[in-house]
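Here are the chains, one letter per residue:
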Amino acid sequence: GEAVFRLSDYFREDPLGFLPLARSLARRRYTLERCPGPELLGSSRVEERKAIARILDERSARMSAENRKDLGLLNRVDPWFGAAERIFFFAREPRGSIEGYASFQPVFRGGQVTGYFAAEYFRASDSRAGVIEFLLVEAMRVLHRGNPELEVSLGLCPLALLPETRTGRILGGWVYRSMKRPLSLRGLYQFKAKLRPTEWRPLYLASNRGLGLPLIR
């Protein structure tokens, strides 16, 4: 399923009320900085570009240390592809250091922006717990203030909507265990569910190879 946030519904209450770690960071005076893509690519945003490079280098080193395999499109990150169209957000700790970033790609319908897709969101290795929750909630809050009717998607969470049947539980358990490395599907689902999406939108993948999935490159 796809974790979708209808912002007009999501902010009927403050999400920080059920996200204690993110709420703690807000009380510690963590701040959110919004930066349109064209501005990020300009000469005045060297610090932010270096922070993105550092965070992604740390991510690559972490994946290598955990012996994760290359999953191609499933874990490839290029923050500069289409960057001019995106909105970037940075979480800063009270002294000003960047501890995480997220980028949001606009979604168009009928020539109008109707929502955003959270293309990537990562934190520094030495950041405080809750930085990503803080970053995503506060970024969605900014988008909500601009247009309350927007939707935000955090993307696909495989097997999130398996039926609550014996077969569904067996299949889900087997896949979760098999995929603990290199990709933790259960952890992905638990993280997104913690943010309480307003909707889990079903997505389907069909294959003509039985239980085998088509190769994605």
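Computed from a predicted structure; not experimentally measured. (Residues numbered from 1 in each chain as written. Predicted model: local features only at pLDDT ≥ 70, side-chain atom pairs only at ≥ 80, totals over all residues. Heavy atoms only, no water.)

## Here we look at the overall build of the chain
The number of helices and strands found in the chain is seven helices and seven strands. Each helix (α) and strand (β) of the chain, taken in turn from the N terminus, gives the series β-α-α-β-α-α-β-β-β-α-β-α-α-β. Counting the 217 residues in the chain, one finds 41% classified as buried. Within the chain, contacts between residues separated by at least 24 positions form 70% of all contacts whose residues are at least 6 apart in sequence. (Helix = DSSP H or I, 4+ residues; strand = E, 2+ residues; numbered from the N terminus. Buried < 20%, exposed > 50% of the residue type's maximum accessible area, 1.4 Å probe, protein only. Contact = heavy atoms within 4.5 Å.)

## Comments concerning the pattern of salt bridges
Tallied over the entire structure, the rule returns 17 salt bridges. Residues Arg 92 and Glu 47 are paired through a salt bridge, measuring 3.0 Å at the closest nitrogen-oxygen approach. Residue Arg 92 is found in strand S3 (residues 87-92), and its partner Glu 47 is found in helix H4 (residues 46-65); the two are separated by 45 residues along the sequence. By relative accessible area, Glu 47 is classed as partly exposed at 43%. Between Glu 151 and Arg 201 there is a salt bridge; the shortest N-O distance is 3.3 Å. Remark: Arg 201 occurs in strand S7 (residues 199-201) and Glu 151 occurs in strand S6 (residues 151-156); sequence separation between them is 50 residues. Within this structure, Arg 6, Asp 9, Arg 12, Glu 151, Glu 199 and Arg 201 form a network of salt bridges that share partners. (Salt bridge = Lys/Arg side-chain N within 4 Å of Asp/Glu carboxyl O.)

## Details of the sheet that holds S7
Read across the sheet, seven strands follow the order S2-S3-S4-S5-S6-S1-S7 without closing on themselves; strand pairing throughout is mixed. The sheet terminates laterally at strand S2 (31-36) and S7, the two strands that pair on one side only. Each strand of the sheet is rotated relative to its neighbour by a mean of 30°, with strand direction disregarded. Where S3 and strand S4 (residues 98-109) come together, six bridges link them in antiparallel fashion. (Pairing = 2+ DSSP bridges. Axes fitted to C-alpha atoms, helices over the stretch in contact; angles between N-to-C directions.)

## Let's talk about the packing of helix H2 (residues 20-27) against helix H5 (residues 131-146)
Two elements in contact, H2 and H5, have axes separated by 8 Å at closest approach and are oriented at 80°. Comparing their axes, H5 and H2 come out roughly perpendicular. From H2, Ala 22, Leu 25 and Ala 26 reach across to H5, where they touch Val 131, Glu 133 and Phe 134. Its residues assigned to classes, the contact of H2 with H5 shows five nonpolar, no polar and one charged. (Parallel < 35°, antiparallel > 145°, perpendicular 65-115°, else oblique. Nonpolar A, V, L, I, M, F, W, Y, C, P; charged D, E, K, R; others polar.)

## Some words on the nonpolar core
Counting residues in each nonpolar core, the largest one holds 33 residues, and the members touching the most others are Phe 5, Phe 104, Leu 136, Leu 143 and Leu 195. Within the residue set of this core, elements represented by two or more residues are strand S1 (2-6), helix H1 (7-10), H2, S3, S4, strand S5 (112-123), H5 and S6. Of all the elements, H5 adds the most residues to this core, at nine residues. In this structure Leu 143 touches Leu 7, Ile 87, Phe 89, Phe 104, Tyr 116, Leu 150 and Val 152, once residues within four positions along its chain are discounted. In this structure, Ala 51, Ile 55, Ala 83 and Phe 122 belong to the second largest nonpolar core, which totals 13 residues. (Core = buried A, V, L, I, M, F, W, Y, C linked by side-chain atoms within 4.5 Å.)

## Things to note about the confidence of the model for the chain
When pLDDT is averaged along the chain, the result is 85; 76% of the residues meet or exceed 70. Low pLDDT, under 50, characterises residues 213-217; the stretch is placed with seven contacts to residues that sit more than four places away or in other chains. (pLDDT = per-residue confidence, 0-100.)

## Quick notes on the environment of Pro 106
Among the structural elements, Pro 106 can be located in strand S4. A relative accessible area of 14% means that Pro 106 is categorised as buried. Measuring from C-alpha to C-alpha, the distance between Pro 106 and Phe 117 comes to 6.4 Å, with eleven residues separating the pair along the chain.

## Focus on the pairing of S4
Buried residues dominate S4, accounting for nine of its twelve residues. From the end of S3 to the start of S4, which pair antiparallel, there are five residues, and Gly 96 there has a positive phi angle of about 105°. Where S4 meets S5, ten bridges bridge the pair, whose relative direction is antiparallel. The residue bridging Phe 108 from the neighbouring strand is Val 113, located in S5. Hairpin geometry of S4 and S5 is characterised by an intervening segment of two residues between the two adjacent antiparallel strands and by a positive phi of about 65° at Gly 110.

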